[in-house]
Amino acid sequence: MMTTVKLVEQELWQREEKGLIGILPVRDAAEMTSVGSMLSQGSDSGERSSKIQVGTSDAHRHEGKNQQEVFQWHKTGVAARALNLSRGVEKPSGRVTYTVVLEGLCRFNVEELNTRGIYCTAKVSPLEMTKAEMEQVEQDPDFITLSRQFNTTATELISVFEQKHKTSGRIRVLLDTVPPHKLADIFVASFEMSFEEQLSMLDSVDLKVRLSKAIEIVDRHLQSIRVAEKITQKVEGRLSKSQKEYLLRQQMRAIKEELGDNDDDEDDLVALERKMQGARMPSNIWKHAQKEFRRLKKMQPQQPGYNSSRAYLELLADLPWQKASEEQELDIKAAKDCLDSDHYGLIKVKQRIIEYLAVRKLKPDARGPVLCFVGPPGVGKTSLASSIAAALGRKFMRISLGGVKDEADIRGHRRTYIGSMPGRLIDGLKKVGVCNPVMLLDEIDKTGSDVRGDPASALLEVLDPEQNKTFNDHYLNVPFDLSKVVFVATANRAQPIPPPLLDRMEVIELPGYTPEEKLNIAMRHLIPRVLDQHGLSPEFLQIPEDSVKLIIQRYTREAGVRNLERNLAALARAAAVRVAEQELTVPLNQGVEKLASQLLANRLAEGAEMEMEVIPIGVNNPEISNTFRIASPLIVDEGMLEKILGPPRFDDREAADRVATPGVSVGLVWTTFGGEVQFVEATAMVGKGELRLTGQLGDVIKESAQIALTWVRARAADFKLAAAEDLNLLEGRDIHIHFPAGAVPKDGPSAGVTLVTALVSLLGRKSVRADTAMTGEMTLRGLVLPVGGVKDKILAAHRYGIKRVILPERNLKDLVEVPTAVLSSMEIILAKRVEDVLEQAFEGGCPWRQHSKL
Ligand code: ADP
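Residues numbered from 1 in each chain as written. Predicted model: local features only at pLDDT ≥ 70, side-chain atom pairs only at ≥ 80, totals over all residues. Heavy atoms only, no water.

1. Observations concerning the overall build of the protein chain
Okay, so step 1: In terms of regular secondary structure, the protein chain is built from 33 helices and 26 strands.
Okay, so step 2: The 854 residues of the protein chain split such that 42% are buried.
Okay, so step 3: Here the protein chain displays about 45700 Å² of accessible surface, and carbon together with sulfur accounts for 52% of that area. (Helix = DSSP H or I, 4+ residues; strand = E, 2+ residues; numbered from the N terminus. Buried < 20%, exposed > 50% of the residue type's maximum accessible area, 1.4 Å probe, protein only. Areas by Shrake-Rupley, 256 points an atom, 1.4 Å probe, with all protein chains shown as cover.)

Structure representation (structure tokens):
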């Protein structure tokens, strides 16, 4: 804007009586738009025609340019009155700025322009109408119509305006007080218009023309407001619910920020991203994670999929892609010590573990077989595995596979499923937090397959060094390298493990312990641990060897030491209660007396004079309570055992009681709990010669029963078995054989000789020997075939207090595995034929032979 500073200075600022000034629009020569310059009217403001001074900026003058050349003055202008004038601070350059608020009064026409003064002046003629002229125009029907039309449009604009800005009143007043043609000027001046339009409005001296132009402009303005409103409405309508929520949430976030609450999603995401960056994923997986993260960032927290996407990324960030326990130099000697200090006995097993560790030390990436500890519960399989981890200095994790039938348990569900999860391996690795733990696959023999897939095949991939570099969990959906994990497996039996899986493993058998071994384990490991777990020490509880022996004999009859440990824990609990009670009821007098008499004795010895001394003694005085405690540790004896553990659960008389009647024999079977003593009962009743079997039996055992019965019937004629009173002992009779005790499923052919013995005992009416147990498969022709699990069976017989065991002759070789302490306390009888078995099973030999001899 060009300011005519001199004019303002002289005419408005310095002069007392301010005159009117004239404003003329100008254009520069290049047809660029510009705004008005200033005219100053003479002091007589009332004059219709007057001398006008026109001011221009000094700047232009100084530049020495010809005013006329630079500017083109418009012919129509506006006379204006200054309403407000303010002067800015003088700048160092000497320039001063003025701010002038002007009120336009009337249009004028320039008749003669003088640009040679300090500022321009002009001779002008006002373009305002006289009163008479005005009155005349007001009569004009066209003018009236236009006025009305303008009023309507203006009213409309005002109401739209008021609605939008929730204001009312003030502009509306103008409508009623100001004549329409003036209103037109006021309205139009407030709109943004092109310079040309402004000029044409200024030039519209004729009121009708002016009004119709104003109507057009106001109307245009109104329309544009309406269109804008429509668009906003449409856009607002399209804002979906979630977008609104988003807006609200943004606001809430802002509020929270103000309040200093930081636990908000965005921060969470930032934390997640940081965690992801710290996870050191392989580059391709990092890219994948980034993609997913970008997707997550675009989602609203309420959106379905947000949580699942987040949980997935959390998993990616949590998984130990590179993080590993520091691999320390393996010290074989230390490893040996560690194994020895944790486990009693198990010499061969420990030796094998040391070999395994030594190979690992020499060739860390050796693809050795996976160790698989096989044995009954409680023989230390798990604790051996954790000792391996300790020896390697790695973290230990256990994955229980018992009862896993679904492949997804191992491999996870695809993320498309609702509530999908990673498999146990990946989940375990996330928890353990390192990529090279010792991972125990517990009870690998208990996985089964069904319609949901075969977990064994997934395990095969896990254990195969060729494949486990890129283990594919369905949920994770990117390969994870399992090759650094050391796998160890456990099983109760090797037989149910699918052969391909077994092929990858090296089976190490843990047969179960002899009572002596158990005693040693209890004294050296279990008792100290149990005491420690219960906050006790030998000062409170002592369990002498004899009592431990009794517990082993009478309260536990197991291959491992788990129940033994449980019973010891029961004793410790009882002791803990006693100690806790005692602490409250320490007989104070006793303590005080002891201490006082001690004091007295000392004083007397010193020969000093007796003085009464008050010693503050409280229950909490550690000296006193310790004295008392040490005075009476709880020593477990037989009576106390019965009190705490109840009456003995097993005794040596059981076998004798069970076989007291003919028809019962003592067998040895093999279950998942190790070897077991199994009684077989047979009875006969009137019937059609049928064989009935009860107990949890498999098909093979049913066949064995058939074979046994057939053999006995065949021999019955040979040996004239039924001689006594009824030749047709087997005719017209049903035989019922029962395997009592337990819901443990039994199968396998090793009960053959036991079945025969039971039948012979029944039919010969002679009881078997209570001290003799047997095992062996038999053929139809009466040969005794070798069986498995000999060691476990002998141990079971030993636990049971059985003194003689009849074994198939060809099982002789298995006896080397049996601890000598057990063997030496037992008589092992080897049988080739069923007749040999029978000969040994009865007191005084086989009843048939006796009979036939007769
Ligand atoms: P499993 O895994 O074979 O069922 P665990 O490893 O859980 O058996 O062992 C049961 C308990 O018996 C553990 O507390 C273990 O320390 C202890 N244990 C087993 N065998 C021995 C042993 N030879 N020496 C010391 N403690 C043993």
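2. Points about the site of the ligand
Okay, so step 1: With respect to spatial proximity, 19 residues lie near the ligand, and among them G378, K381, T382, R529 and R562 are the closest.
Okay, so step 2: E565 places a side-chain nitrogen or oxygen 3.1 Å from an oxygen atom of the ligand.
Okay, so step 3: Summarising the interface, the protein chains cover 90% of the accessible area of the ligand, which totals 560 Å² for the free molecule.
Okay, so step 4: Of all the secondary-structure elements, those providing two or more residues to the shell around the ligand are α16 (381-392), α21 (515-533) and α23 (562-584). (Near = heavy atom within 4 Å. Polar contact = N/O pair within 3.5 Å; in protein donor to acceptor, adjacent residues only side chain to side chain.)

3. Some details on the pattern of salt bridges
Okay, so step 1: Considering all chains together, one arrives at 31 salt bridges under this definition.
Okay, so step 2: Of the charged contacts in the structure, one is a salt bridge between D337 and K333, with a shortest N-O distance of 3.2 Å. One end of the pair is D337 and the other is K333, both in helix α14 (residues 332-342) and four residues apart, which spans about a single turn.
Okay, so step 3: The exposure class of D337 is partly exposed, given its relative accessible area of 39%.
Okay, so step 4: The salt bridge involving D771 is made with R769; its shortest N-O contact spans 3.2 Å.
Okay, so step 5: Residue class for D771 comes out partly exposed when judged on its relative accessible area of 25%.
Okay, so step 6: Here R769 falls in the buried class, since its relative accessible area comes to 18%. (Salt bridge = Lys/Arg side-chain N within 4 Å of Asp/Glu carboxyl O.)

4. Let's talk about the UniProt feature "active site" (unreviewed entry) in the protein chain
Okay, so step 1: With numbering aligned to this structure, UniProt lists the feature "active site" (unreviewed entry) at S750 and K793. Over a stretch of 44 residues, the named residues converge on one spot in the fold, their C-alpha atoms separated by at most 11.0 Å.
Okay, so step 2: Within the element layout of this structure, S750 appears in the loop between β21 (733-738) and α29 (752-764).
Okay, so step 3: In this structure S750 comes out as buried when scored by relative accessible area, which is 11%. (UniProt positions renumbered as here; feature names shortened; annotations may be inferred.)

5. Some points on the UniProt feature "binding site: ATP" (unreviewed entry) in the protein chain
Okay, so step 1: Those residues carrying the UniProt feature "binding site: ATP" (unreviewed entry) are G375, P376, P377, G378, V379, G380, K381 and T382 in this numbering.
Okay, so step 2: Inspection of the secondary structure assignment puts P376 in the loop between β9 (370-374) and α16.
Okay, so step 3: If near-sequence neighbours (up to four positions away) are discounted, P376 is found in contact with K381, N492, L510, P511, A559, T672, F673 and G674.
Okay, so step 4: Following the sequence through the fold, G378 ends up in the loop between β9 and α16.
Okay, so step 5: Judged by relative accessible area, which is 11%, G378 ranks as buried.
Okay, so step 6: Excluding its chain neighbours within four sequence positions, the residues that come into contact with G378 are Y513, G560, V561 and R562. (Contact = heavy atoms within 4.5 Å.)

6. Looking at helix α19 (residues 455-463)
Okay, so step 1: Counting buried positions along α19 gives seven out of nine residues, so the element sits mostly inside the fold.
Okay, so step 2: Within α19 the residues assigned to the buried category are P455, A456, A458, L459, E461, V462 and L463.
Okay, so step 3: The N-cap of α19, judged by a side-chain oxygen 3.0 Å from the amide nitrogen of A456 a few residues on, is D454.

7. Details of a nonpolar patch on the surface
Okay, so step 1: On the surface, V227, I231 and V235 cluster together to form a nonpolar patch covering roughly 260 Å² of accessible area.
Okay, so step 2: In this fold, V227 is placed in helix α9 (residues 207-238). (Patch = residues over 30% accessible without salt bridge, like charges linked within 9 Å, V, L, I, M, F, W, Y side chains within 5 Å.)

8. As for unusual backbone geometry
Okay, so step 1: Of note in the backbone geometry, L346 takes a positive phi value of approximately 55° without being a glycine.
Okay, so step 2: At N477, a position not held by glycine, the phi torsion is positive, near 65°.
Okay, so step 3: With respect to the element layout, N477 can be found in the loop between β12 (471-472) and β13 (479-480).

9. A short note on the side chain of S704
Okay, so step 1: Topologically, S704 is positioned in helix α28 (residues 699-718).
Okay, so step 2: Taking relative accessible area as the criterion, S704 reaches 8% and is therefore assigned buried.
Okay, so step 3: If sequence neighbours within four positions are ignored, S704 has contacts with G748, P749 and L755.

10. Considering α16
Okay, so step 1: Its 12 residues place the ends of α16 17 Å apart at the C-alpha level, agreeing with the 16 Å of an ideal helix rising 1.5 Å per residue.
Okay, so step 2: Within the span of α16, buried status applies to K381, L384, A385, S387, I388, A389, A391 and L392.
Okay, so step 3: Each element contacted by the buried residues of α16 is listed here: α14, α15 (347-362), β9, β10 (396-400), β11 (438-442) and β14 (486-491). (Expected span 1.5 Å × (residues − 1).)

11. Side note on the packing of α14 against α15
Okay, so step 1: At a closest axis distance of 10 Å, the pairing of α14 and α15 adopts a crossing angle of 150°. Relative to α15, the element α14 lies roughly antiparallel. The element α14 and its partner α15 pack so that their crossing is right-handed. Here α14 contributes I332, A335, K336, L339 and D340 to the contact with α15, which in turn contributes K350, I353, I354, L357, A358 and K361.
Okay, so step 2: Looking at the contact of α14 with α15, its residues break down into seven nonpolar, no polar and four charged. (Axes fitted to C-alpha atoms, helices over the stretch in contact; angles between N-to-C directions. Parallel < 35°, antiparallel > 145°, perpendicular 65-115°, else oblique. Left-handed = near helix turned anticlockwise from the far one by under 90°. Nonpolar A, V, L, I, M, F, W, Y, C, P; charged D, E, K, R; others polar.)

12. Here we look at the packing of α21 against helix α22 (residues 545-555)
Okay, so step 1: As a packed pair, α21 and α22 sit with axes 10 Å apart at the nearest point and diverge in direction by 120°. With respect to α22, the axis of α21 lies oblique. Like other packed secondary-structure pairs, α21 and α22 cross with a definite hand, here right-handed. Contacts between α21 and α22 involve P515, K518, L519, A522, M523 and I527 on the former and, on the latter, E545, V548, K549 and I552.

13. Considerations on the confidence of the model for the protein chain
Okay, so step 1: Scored by pLDDT, the protein chain has a mean of 79; 83% of the residues are at 70 or more.
Okay, so step 2: Across residues 32-68, where pLDDT falls below 50, the model places 117 contacts with residues more than four positions away in sequence or in other chains.
Okay, so step 3: Segment residues 586-630 is flagged for pLDDT under 50; beyond a separation of four residues in sequence, or across chains, it makes 21 contacts in the model. (pLDDT = per-residue confidence, 0-100.)

14. A look at the sheet that holds β9
Okay, so step 1: An order of β10-β11-β14-β9-β15 is seen for the five strands of this open sheet, with the pairing classed as parallel. This sheet does not close on itself; its edge strands, each paired only once, are β10 and β15 (505-509). For this sheet the average axis-to-axis angle between neighbouring strands, irrespective of direction, equals 25°.
Okay, so step 2: Relative to β14, β11 runs parallel, the two being bridged by four bridges. (Pairing = 2+ DSSP bridges.)

15. Structural notes on a positive patch on the surface
Okay, so step 1: Side chains of K291, R294, K297 and K298 sit close together on the surface and give a patch of like positive charge.
Okay, so step 2: Considering the arrangement of structural elements, one finds K291 in helix α12 (residues 283-298).
Okay, so step 3: Taking relative accessible area as the criterion, K291 reaches 58% and is therefore assigned exposed. (Lys, Arg positive; Asp, Glu negative; His and termini not counted. Charge placed at Lys NZ, Arg CZ, Asp CG, Glu CD.)

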